Structures are given as C-alpha cells and as structure tokens.
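Now for the letters of each chain:
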Amino acid sequence: MKNDFLLLSLCLQILSVSTAAAQMVDLKGRILEGKTDSPVEGVHIRLTGVTDTSKVYVAMSGTDGSFAFSHVPMQPYKIDATRIGYKKLSVTIQIDKAEVDIGNLRMAESAIPLREVVIEGILPPVEQMGDTTEYNARSFKTNPDASAEDLIAKMPGMLVDNGSVKAGGEVVQQVLVDGKPFFGRDPTIALRNLPADLVEKVQVYDKKSDQAELTGFDDGKVTKTINIVTKSERRTTQFGKLNGGYGEDSRYTAGGNMNFFAGERRLTVIGLSNNVNQQNFSIMDLLGLFGSGGPQGGAAAGGSTSEPLGGGNIFGNFSADAWRTIGNFLVGQQNGINAAHSLGINYNDSWGKNLAVSGSYFFNLIDNENDQTLNRQYLLSPDSSSLYREKSIAESKNYNHRIDLRFQYSIDSSNSLIITPRLNFQDNRSSGSVTGTSALSEAVLLNQVDNSTRASAWGYNLSTNILFTHRFSTRGRTISFDFGVDANRKDGTRNLQSRVSYFALLGGSSDIFDQQAGTLTDGYSMSSRVVYTEPLGINSLLQISYNPSFTKGAAENRTYDYDPLSNAYSRLDQKLSNIFENTYSTERAGIGYNLRREELSLTMEVTYQIASLQNDHLFPYAKTMEKKFNDVLPTATLKYEFSRQRRLMVSYRTSTNPPGISQLQDVIDNSNPVLLRAGNPALRQAYNHTLSGQYLAINIEKRSNFFLVLTSSYTQDYIVNSSWIAEKDSILASGMRLKRGTQLTVPTNLDGHWIVRPAFMFGFPVDALKCILGLNTSFAFTRKPGLVNGTMNASNMYTLTQGFVLGSNISEGVDLKFFYMANYNIVKYTLQPKLDNEYFFHTANFKFDLIFWEGVAFRGTVANSLYSGLSGGLNRNYMLCNVSLGKKLFQNNRGEIQLSVTDLLAQNKSINRAVTEAYVEDMQNRVLGRYVVLMFTYTIR
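Everything quoted here is computed from the prediction, not taken from an experiment.

Trainee: For this particular structure, what's the right way to read the overall build of the protein?
Mentor: From N to C terminus, the protein includes six helices and 55 strands. Classification of the 941 residues of the protein by burial places 51% in the buried group. Counted over contacts in the protein with a minimum sequence separation of 6, partners at least 24 positions apart contribute 66%. With an accessible surface of roughly 41400 Å², the protein has 57% of that area assigned to carbon and sulfur atoms.

Next up, the structure:
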C-alpha cells in the first residue's frame, strides 16, 4: 500500500510538471458593427496557430457579440471572422499571458446586390461546442403552432416519448431558458409551454453541480440539461396561448400560458383545467401513495420493475426510464380517468448587479378514477407456482403545492452565495374496493379477498441548501461551504373492511377485518460539505473534501379493531402496531485530482466513508439494533476530444444507499390481507458500482450525428423482496401464522443485481424526402435476485429495442412525423425455468399537421399498438386515432376554431407488464374512450 501511494505521488508530480510546461491560455473578445458599435451575432470565428498551423479552433459569436476560446496553447494566432452581409475580418494577435481579452473587433457591412447574386446558406443542424451539443433551430421546420417539444422531437439524437425527453440515450432532468431555471426540474412543463418559434438554439450538456461550477473542479455530479436559447428579438416581448373546449359527455378542457419577457425580468403563468386526462404538471408524491400503476386500489407492485406497454390515455403511459429518473417524490400521469386543475408561475430577474433571483410555484388538483384488472403468476418452488387475479375500483383526489426558489448573490469578485429553499405540500383522499383470488391452478382455488378501503393523508417536505464559495487571488485556489437541511412529515388514517375466504378439500374458513389505522412519519436531516481546491500547475487541480451528514426519522403505526360494544375503533391490535425510530449518520473525507488539457479531461477521487445505522423499537417492545459500515468510494471520469466533433467520455462511480424507514419498520401492512408486507430492521446499506461511457461523432458536412452509450451497474447488498407464499397453513420462523394462499413480503439484502444497457443512435437528413431520420437501437440485460419461500431466485431479462423517427422538414404548412418502436423481451428464471417467457410489443405512430387553403388546418395522430405473449387474454392489436379539423381566424391567424375527435375508432387500451424476481404481472387499466370536443384557441404574439 505504501509503494502504491509513492507511485501515485510520483505520477501526480510528473503530470503537474508536464502540464505546467504546456502553457494553456484562455482567449475572449467581442464582435461589433463598425458604424453603430452594436453587437454582431452569428459570426463564424476561426482561430489558426501561426507557429503550429495544425492548431485550429472554431467559435460563434453570441447575441452580445462575444466569443471565447478555452485552454488553447500559448502561441501567435490568426483570427478570421466571417458572416454573410459583412466583410471578412482578419487579424493576428500575440498571446503572452494566461488570460487574454483582445477587446472589440469591428466588422464593416458588405452590400449584397440581390438582383445579381443569390446567397444560400445551410446551417449545420448539429454542432459540438466542447461538452455541449448545439442544435440550430432554424434547420428544423415546424408549423406555426408548434411547441418546443415538437421542435426537439425532430432533432437527431433526441427522443420525446410520452412525457420523457432523452438526449443521446439519457433522460433529460431539467430545462433552462437562456441559462436560467424554468419551472424547476420539470422538462415537460418547459417544453410544452414554450413556442417553437421562440427558439434560436437548443443546447444539450451535462450541467455540473453549483459547487463544481464555482470551484472549477469536476466532481462528477451532473444533471442532463437542455438549455433553450431564445431569439434575441423575442427577449423583450409578451406572448402566450389560451384555449378552451367543450364536448359530448360533458368533456371539457381549458388552459393556456402567458409570458412576459423584459430582458432579465421574466414572468410566466400557466394554467390547466380539464377532465380529458391532460396532466401538464408532475405530481409531488410525498406520501408515497402512487406507483407506476396509479393510486393503490389493491396490491402494491412490491418494488417491481414495471415496463409500461403503451395506451392508457390520449397521451399514453409514462416510460419506464422516466419513472426511474424523475425521483422518489415525483410521479407521472396516473392511469384511469383524470380531472386535472393546475396553476404554475415562474419568475426570473436580477435584483441589482449582483443578485439573480428565480422561483416557481405549482398547484395541482388531480381527481382520479380507475378500474383495473391484474393477472399475476408467482414462483413458489422449482415445480410449483400460484396465480393471483384481481379486479379493483379506485378513486382519489390529490392536492399538491410546490415552491422552488433560488437566490444567487455575487458578493464581490471573490465571494458568492447561493441559497435554494424548497417547500412541498400534499393532501390526498382515496377510496377503493378490491376483489382478488389466489389459486394453484385454474381448478384449485386457495382464497378470495373482498376489500373496501378509505384513506386520507397529508404531508410536507421543507428543505434549504446554502452554498458559499471564496476564490483566492491564485487562480484555481478556492474554498466552499455547502450546508443543507431537510424536514418532512406524513400523517394519515386508513379504514379497512375486508373478508377473506379460505378454501380446502375438507371445508373452509374465513376472516373478517374491520380496522382503522393511524400512521405518522416525520424526520429531518442535516448535511454539510467543505471543499478546498489547490492548483497544481496551470491545468490541474487538487481537491480535498469533508462531508458529514445526519438523518433521523420516526414512524408510528397504531391499528385498532372495531368494538361493537363501544361502537368505536378502540381495541389496539399490537401485531399491527409499532413505534420505531431510525438514525443514519455518515462522515466522508476525500481527495481528488482534476486534469484539463486541450483534448483531455481527467477527474479522479477517492472518498473514505464511515456510516452508522441505528434502529430503535419503542413499541410494542423495546430493542435497539446498530450497524457500522466502513467503505472506500472511488470515482473517475475521463473525457477525450479526438476533434471538435468527436469525443469520448468514460465514468466509473461508487455510492452507498441506506434503507428507508418504511423498509426498516417491522410492522405488518395488511392493506390487502392476502398480500401482507413488513419491514426488516436488519437491512444493510447497498453498495453500488456504476460504469458508463458515451461516444459522440458529428459530421457537419453531412449534417449527421452518431451517439454510442453504455450504462452498467452492479449492486452489492441490493435491497430486494423476500416473499413467502403459504401453500398450506404455516407458521414462519418469526412465529407469524400464514393461512393457505397468503403471501408475506419482507425486504432483504442480496448480491448479484446487474444492469447493462448499450445503445446507439444515428441521425442524418434524407434530402430527397426533405426529412431527418433518426435510428436508435438498444439492448438491456437486467438481473434481479430475490427469495421465494426461502429459495434463491433471480429473474434475468433480455430486452432488444429497435426504433426510428422520421420527421419532415418540408415547410411550415406541412409537418409530418413517423415514429416506430419495437420491443422484444426474454425472461428467464433460475428457480423455475418452465415459467420462462417471451413477449413482444410495438408502437407505430404517424403524426400529421397540415395547414392549407385559406387557413384550414387538418391534424391527427394514428398509432398502432400490438402486444404478444401476455396473459389473461391481454394480447391486443389496436389502433388509436385522433383527428381534428380547424380554421384559422383573425389577423395573422391568431385564432383557430377546431373540432377534434379522440379515439375515433374506439379501440384505445391501457396495458402494462411488470417482471420481478417473484412474479410476472399483466395489468389493464380503464381508458377514457372516444369523445368529441369543439375547441377555440387564441395565440398572443
């Protein structure tokens, strides 16, 4: 070990000496119009080395005329600036220091005799600017009513699929507008409420953390981000859209957005009210009431990996990647029939020279109704399985408020402060009924459950993060302090009335439940991080960090049986009651090295973590369990630019994931008395390894791009389900009694969880068709271990996906898009190979938007969905057809009246499949069905 440290030290010294000799510099300047001194945007600037002519760099001037080159070798350079309508400008400069500002360069206008010369220029649709992929919006034609989401869907390497936006195979997590936050981290809101004609460029990049951006040290904490660069002439304007419609069966929709842009000050208001399943905003699910199947009317998915198969409502289902990415507190569109009422406000401004302020507020009210059919096949042993079938009806009403604020204060040139408070509040009321049956086969019925539930719950989450950074006079030397605090609370009541009938050859029995349960969970957490960076030569940094954190949570569950004598829920059921506390504390100390050269960026960091997990039972018995963990967490990221248009990124990261309090609390949840759940206080934290890579190549001449992405992960002590399904009346080792056909699921730790996902995307124009074609192919392997009746079982899932997007670039009046995605899945089990299965589904979607004769607009979507290999008669092949016919009105076509028919052929379906280590599940949800609406839309420009 000592020799290893000596070797590492020697390598760092060699790197420091070599990089110091390289003498890299930063260069910036500004292009102005010669007569008026106004900035000139879109100037193509070419920087060519004088002593080494192989060194060539390219940039484009921004809206303020500025341009910049980072980390170029120190030598004399020739600058050539060109732009249509201006005379070419050429100057030679000498660089003799680390930072050079060449000031203002002035270009003279050049008259163009239009009658004699026709100048045509083709903008490259995609360019690579360092770590940023930049799309020129003018290269993609959309109709006058298109949104930014419609525009982005045409860009090669971008995929918009049912509420999820992917860039280069990675899910986009936030959208900025001119570099500023826009409605928090909700890409869907931003893209659906910004008009396409506002957009000048679309920039895609991995946004670093605030601390990394301020210190200059790449800590690997990135967020896939889209930055919408608006047209300069639209930055001081007012624009928006209002719409309203009414149709048969009392279907209605109303909504709109208004934007007030005045330079730095920007205000956006959006609203929505309808009962046709349009859910424009995400729902904060602090209470944990929703899953991918919607409000829990029956059995929970139990930690399954759900793969939605399409359909559902007129906008389809949320993709599986979207569910995994948007976080533990966000859920997408709910299945079933929804009435939504929402309001959102976003604000950005600069208060003085040094203070930038941004904030957003959301209100959501979702009224949901859903009927659901579920077929589930469990694995019991190598030679047996069981069936569970369920029909449920559920209603819920969910209120949510969300506030996000950000204050960025530049105290002076050396000190800065960022404060980000957040507040979320949720209130939910729900009711439902469930009828479920368990069987060994079609002829051998084990039990039947009939449930009726009513529940109410509310919760909040309040958090604040404060980041202070100080830059010393020595470039690269910084110190920063990051402090965060979080407080949360969830309080709820549930009433359960249930009858469970058990069947046997010699007779049967039944259990009747009439209970009321009160639950309370609250907690808080505090964390801080101190980071010091020290330059090692011109192009490298050393980072030292210290990061302590502390989290405390408490959970109380009291269940009472109904007492007919007192006509109240007064008899405490101790088996279903529990008071539990949990604390988790960590201390992390790390050292990292960051090297940045002309074509190479390398970041390495090693963190040593000491963690303590303590669980305290307070009721119905007293017991304390404590565990300590010592972990080494290495990370490394390598970025290499073969050229300005070809780059490679490889990253390896490790992390730990502690169990949540609901996973630790060992109290029985009998929401469904035949599908019981409980926590496990003996859980350990999981240790994750993630290896990812991305290769990007852009050919400007051919206007094509290519992405190759690989993501893989392995988890030790992965938290999975251990399921015990009683084939006969049984008593478990814990002393708990399970009747025949009843299931108990408890989380446990197992090794062997794998995910491997390679994918590639290729986009290029098809000039003969005036279209842009995007091809995408991916393969995924997922191995998820679990325990079924004490026996190890793993589900191995292989998924091959092939798709393409063909988007027209014909004209503003002819907008066409064809989307196809085929998905073939193979599932294999180690416990019971005879239950291995294969299933296939595809979606073919054709979208057209035609505006012709006297402003007549004909729009529509025709989508075919096919499913094969599912259970319970759910194999379907259906067509979803939505069409509308409209007429433009008023000056500049600001108004439009249209008649639209949704689900013209009345074939819509909502089907989902979930594959887990314990079962395969197929689910069908209620859909809205065919309806007709007459709508009026008015555009404010």
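Here the narrative resumes.
Trainee: Explain the sheet that holds strand β4 (residues 66-73) here, please?
Mentor: What links the strands of a sheet is backbone hydrogen bonding, and the strands pair in either a parallel or an antiparallel sense. On the basis of which strands lie adjacent, the open sheet formed by three strands has the order β4-β1-β7 and mixed pairing. This sheet does not close on itself; its edge strands, each paired only once, are β4 and β7 (99-107). Between one strand axis and the next, the sheet turns through 20 degrees on average, direction left out of account. As defined by bridge partners, strand β1 (residues 24-33) adjoins β4 across six bridges and the pair is classed as antiparallel.

Trainee: I would appreciate a short explanation of empty space enclosed by the protein in the present structure.
Mentor: To find leftover empty space, a probe the size of one water molecule is rolled over the atoms. Overall, the coordinates contain five cavities of 30 Å³ or more when judged by the stated rule. Reported here for the second largest cavity is a volume of approximately 60 Å³. Residue lining of the second largest cavity: Tyr-378, Ser-386, Leu-387, Tyr-388, Ser-438, Leu-446, Leu-675, Ile-725, Gly-741 and Gln-743, and that is the complete set. When residues of the lining of the second largest cavity are assigned to their parent elements, the largest contribution, three residues, is made by strand β27 (residues 384-410).

Trainee: Hey, could you run me through the pattern of salt bridges in this one?
Mentor: Side chains carrying opposite charge are able to pair once their charged atoms draw close together. For the structure on display, the rule yields 34 salt bridges. Here Asp-80 makes a salt bridge to Lys-78, at a shortest N to O gap of 4.0 Å. Here Asp-80 falls in the buried class, since its relative accessible area comes to 10%. On the basis of relative accessible area, Lys-78 is assigned to the partly exposed category, the value being 37%. Salt-bridge contacts for Glu-605 lead to Arg-529; the nearest nitrogen and oxygen are separated by 3.9 Å. Taken together, the residues span a long stretch of sequence, with Glu-605 in strand β35 (residues 600-619) and Arg-529 in strand β31 (residues 507-535) at a distance of 76 residues. Of the two residues examined, Glu-605 and Arg-529, each falls in the buried class.

Trainee: What is the right way to look at the side chain of Thr-586 in this model?
Mentor: Within the secondary structure, Thr-586 is located in strand β34 (residues 578-596). Among the polar contacts made by the side chain of Thr-586, one reaches the side chain of Ser-549 at a distance of 2.5 Å.

Trainee: I'm lost on the nonpolar core in this one. Help?
Mentor: One broad trend across soluble globular proteins is that nonpolar side chains are buried collectively. Core analysis: the largest hydrophobic core is formed by 41 residues, its most contacted members being Tyr-135, Ile-152, Met-158, Val-202, Ile-226 and Ile-228. Beyond its immediate stretch of four places on either side in the chain, Ile-226 contacts Ile-152, Met-158, Val-165, Val-172, Gln-174, Val-175, Leu-176, Val-202, Gln-203 and Val-204. In this structure, Val-674, Ile-725, Tyr-878 and Val-915 belong to the second largest nonpolar core, which totals 30 residues.

Trainee: What is the right way to look at the side chain of Asn-136 in this model?
Mentor: Relative to the elements of secondary structure, Asn-136 occurs in strand β9 (residues 132-136). Judged by its relative accessible area of 6%, Asn-136 is buried. Separated by 3.4 Å, the side chains of Asn-136 and Glu-127 make a polar contact.

Trainee: What is the right way to look at the packing of aromatic side chains in this model?
Mentor: The geometry of an aromatic ring pair is captured by two quantities: the separation of the ring centres and the angle between the planes. Scanning the model with the defined rule gives 25 aromatic pairs in all. Seen in terms of ring centroids, Phe-425 and Trp-458 are 6.2 Å apart; in terms of plane orientation they differ by 35 degrees. Their pairing is tilted. Linking Phe-425 in strand β28 (residues 415-439) with Trp-458 in strand β29 (residues 445-471), this pair joins segments that are 33 residues apart in sequence. In this structure Phe-425 comes out as partly exposed when scored by relative accessible area, which is 31%. Seen from their ring centres, Phe-781 and Tyr-798 are 5.1 Å apart, and the 40 degrees between their planes marks the pair as tilted. A residue pair is termed long-range when its members are at least 10 positions apart, and Phe-781 in strand β46 (residues 771-788) and Tyr-798 in strand β47 (residues 791-808) qualify at 17 residues. Feature note: the residues Tyr-640, Phe-642, Tyr-695, Phe-706, Phe-760, Phe-762 and Phe-764 constitute an aromatic cluster, connected by ring pairs. Positioned over the ring face of Tyr-839 is Arg-913, at 4.4 Å from the centre of the ring.

Trainee: Would you take a moment to explain the pairing of strand β37 (residues 646-657) for this structure?
Mentor: A regular strand places its side chains on the two faces of the sheet in alternate fashion. Both strand β36 (residues 623-643) and β37 contribute to a ladder of seven bridges, which runs antiparallel. Within β37, the residue paired with Thr-637 across the bridge is Ser-651.

Trainee: For this particular structure, what's the right way to read the pairing of strand β2 (residues 44-49)?
Mentor: Bridge count for β2 against strand β3 (residues 56-60) is five bridges, and the pairing is antiparallel. Across the sheet, the residue bridging to Leu-47 is Tyr-57, located in β3. Sheet topology note: the β2/strand β5 (residues 77-82) ladder contains six bridges and is antiparallel. For Gly-49, the partnering residue across the bridge sits in β5 and is Tyr-77.

The rules we used
Residues numbered from 1 in each chain as written. Predicted model: local features only at pLDDT ≥ 70, side-chain atom pairs only at ≥ 80, totals over all residues. Heavy atoms only, no water. Helix = DSSP H or I, 4+ residues; strand = E, 2+ residues; numbered from the N terminus. Buried < 20%, exposed > 50% of the residue type's maximum accessible area, 1.4 Å probe, protein only. Contact = heavy atoms within 4.5 Å. Areas by Shrake-Rupley, 256 points an atom, 1.4 Å probe, with all protein chains shown as cover. Pairing = 2+ DSSP bridges. Axes fitted to C-alpha atoms, helices over the stretch in contact; angles between N-to-C directions. 1 Å grid on protein atoms, 1.4 Å probe; cavity = no way out; pocket = protein on both sides within 12 Å on 5 of 7 lines; lining within 4 Å. Points joined across faces, edges and corners; volume = space filled by probe spheres on them. Salt bridge = Lys/Arg side-chain N within 4 Å of Asp/Glu carboxyl O. Polar contact = N/O pair within 3.5 Å; in protein donor to acceptor, adjacent residues only side chain to side chain. Core = buried A, V, L, I, M, F, W, Y, C linked by side-chain atoms within 4.5 Å. Phe/Tyr/Trp six-rings, centres within 6.5 Å; stacked < 30°, edge-to-face > 60°. Lys NZ or Arg CZ within 6 Å of the ring centre and 35° of its normal.

None of this, on its own, says anything about what the molecule does.
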